Amino acid sequence: MAPLTTPTSAAAGLRLVPGFFDRRQQEELVVALREVVRRAPLYTPVMPGTGKPFSVRMTNCGPLGWVSDPHGYRYQPMHPLTREPWPPIPEILMRAWAELADYSAPPQACLVNYYGPAARMGMHQDRDEEDLAAPVLSISLGATCRFRICAAVRSASTRSFLLTSGDALLLGGPSRLAFHGVDRIVAGTSTLLPDGGRINLTLRRVTKPQDEAPQRHYTS
Ligand code: MD3
Ligand code: FE
């Protein structure tokens, strides 16, 4: 069984798998992601309403992608600038979901977040998905970051820990709706990516599996 760490009971259902991807697999992921960003370029999203730009640059792969623009947050099947469909989720990530997620249906969206040395992400909940029974699987590549998570109410005390290159973090059960964010990128910790950058991949279900062709289950 893979190592299991629960840094805080404020995040029950959270499972950190340090070093899930070894260095060779991380390099394979970077190669696959270069193809993803060639077909679906990183762009700078803006906040709904205010139009304030994110410090994180984003793109997606998979049938659906998460986008933020002046109209709101949503999932959509195409890149907001090229209007092309998102490229497929790389096989190595589909296998990671099958191994870790303990969920009967495949992921539909893989958000690619690119953090430069000064980028951060404010505390928020992920709740734009209709299927909240499915876990979220996050994979970290490149620079280490200090990640923060707190229980379902924002006022609850928060805990923080480091996410390093190759780590997988599974957010299921009560942790699925926990507030979380990235406080900062730790300078000088990226040997995988140039310029001290960090990539976070977030694999998600968006719709409920019942909306698709039923999955057959055989016994005996
Ligand atoms: C906890 N990304 O894209 S990943 C996001 O490192 C996001 O880029 C951060 O938060 C990043 O929405 C954090 C870890 C993560 C992802 C999803 C979660 C933690 C989560 C969903 C629920 C609770
Ligand atoms: Fe999030």
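Cut-off values and rules
Residues numbered from 1 in each chain as written. Chains lettered and ligands numbered in written order. Predicted model: local features only at pLDDT ≥ 70, side-chain atom pairs only at ≥ 80, totals over all residues. Heavy atoms only, no water. Near = heavy atom within 4 Å. Polar contact = N/O pair within 3.5 Å; in protein donor to acceptor, adjacent residues only side chain to side chain. Areas by Shrake-Rupley, 256 points an atom, 1.4 Å probe, with all protein chains shown as cover. 1 Å grid on protein atoms, 1.4 Å probe; cavity = no way out; pocket = protein on both sides within 12 Å on 5 of 7 lines; lining within 4 Å. Sits in = over half its atoms within 2 Å of the grid points. Helix = DSSP H or I, 4+ residues; strand = E, 2+ residues; numbered from the N terminus. Expected span 1.5 Å × (residues − 1). Buried < 20%, exposed > 50% of the residue type's maximum accessible area, 1.4 Å probe, protein only. Arc of directions from axis to C-beta. Pairing = 2+ DSSP bridges. Phe/Tyr/Trp six-rings, centres within 6.5 Å; stacked < 30°, edge-to-face > 60°. Lys NZ or Arg CZ within 6 Å of the ring centre and 35° of its normal.

## What about the site of ligand 1?
Thought 1: Inspection of the region around ligand 1 gives 21 residues, with Asn-113, Tyr-115, His-180, Arg-198 and Arg-204 positioned closest.
Thought 2: Residue Asp-126 places a side-chain N or O atom 3.3 Å away from an oxygen atom belonging to ligand 1.
Thought 3: When the free accessible area of ligand 1 is taken as 490 Å², the share hidden by the protein chains comes to 98%.
Thought 4: At a threshold of 2 Å from the grid points, most atoms of ligand 1 map onto the largest pocket.
Thought 5: Top contributing element to the shell around ligand 1 by residue count: strand S12 (residues 198-204), with 4 residues.

## Notes on helix H1 (residues 23-39)
Thought 1: Taking 1.5 Å of rise per residue, 17 residues should cover 24 Å, and H1 covers 25 Å from first to last C-alpha, within 8% of that figure.
Thought 2: Within the span of H1, buried status applies to Gln-26, Leu-29, Val-30, Leu-33 and Val-36. Buried positions in H1, seen along its axis, are confined to an arc of 120° and lie on one side of it. Pointing more than 90 degrees away from the buried face of H1 are the exposed residues Arg-24, Val-31, Arg-34 and Arg-38.

## Focus on the pairing of strand S5 (residues 109-115)
Thought 1: Of all 7 residues that make up S5, 7 are buried, and the element is covered over most of its length.
Thought 2: Burial of the side chains of S5 extends over both faces: Ala-109, Leu-111, Asn-113 and Tyr-115 are buried on one face and Cys-110, Val-112 and Tyr-114 on the other.
Thought 3: Where strand S2 (residues 57-61) and S5 come together, 5 bridges link them in antiparallel fashion. Each residue of the ladder has a partner; that of Met-58, found in S5, is Asn-113.

## Brief notes about the packing of aromatic side chains
Thought 1: By the definition in use, this model includes 4 aromatic pairs.
Thought 2: A ring pair is formed by Phe-20 and Phe-21, whose centres lie 4.9 Å apart and whose planes are at 85°; its orientation type is edge-to-face.
Thought 3: Ring centres of Phe-147 and Phe-161 lie 5.4 Å apart, and the angle between their planes is 70°; on these two criteria the pair is classed as edge-to-face. Placement of Phe-147 in strand S8 (residues 145-150) and of Phe-161 in strand S9 (residues 158-163) is noted, with a sequence separation of 14 residues between them.
Thought 4: A residue is classified by how much of its surface remains accessible, and Phe-161, at 10% relative accessible area, is buried.
Thought 5: The ring of Tyr-115 carries Arg-198 above its face, with NZ or CZ at 5.1 Å from the centroid.

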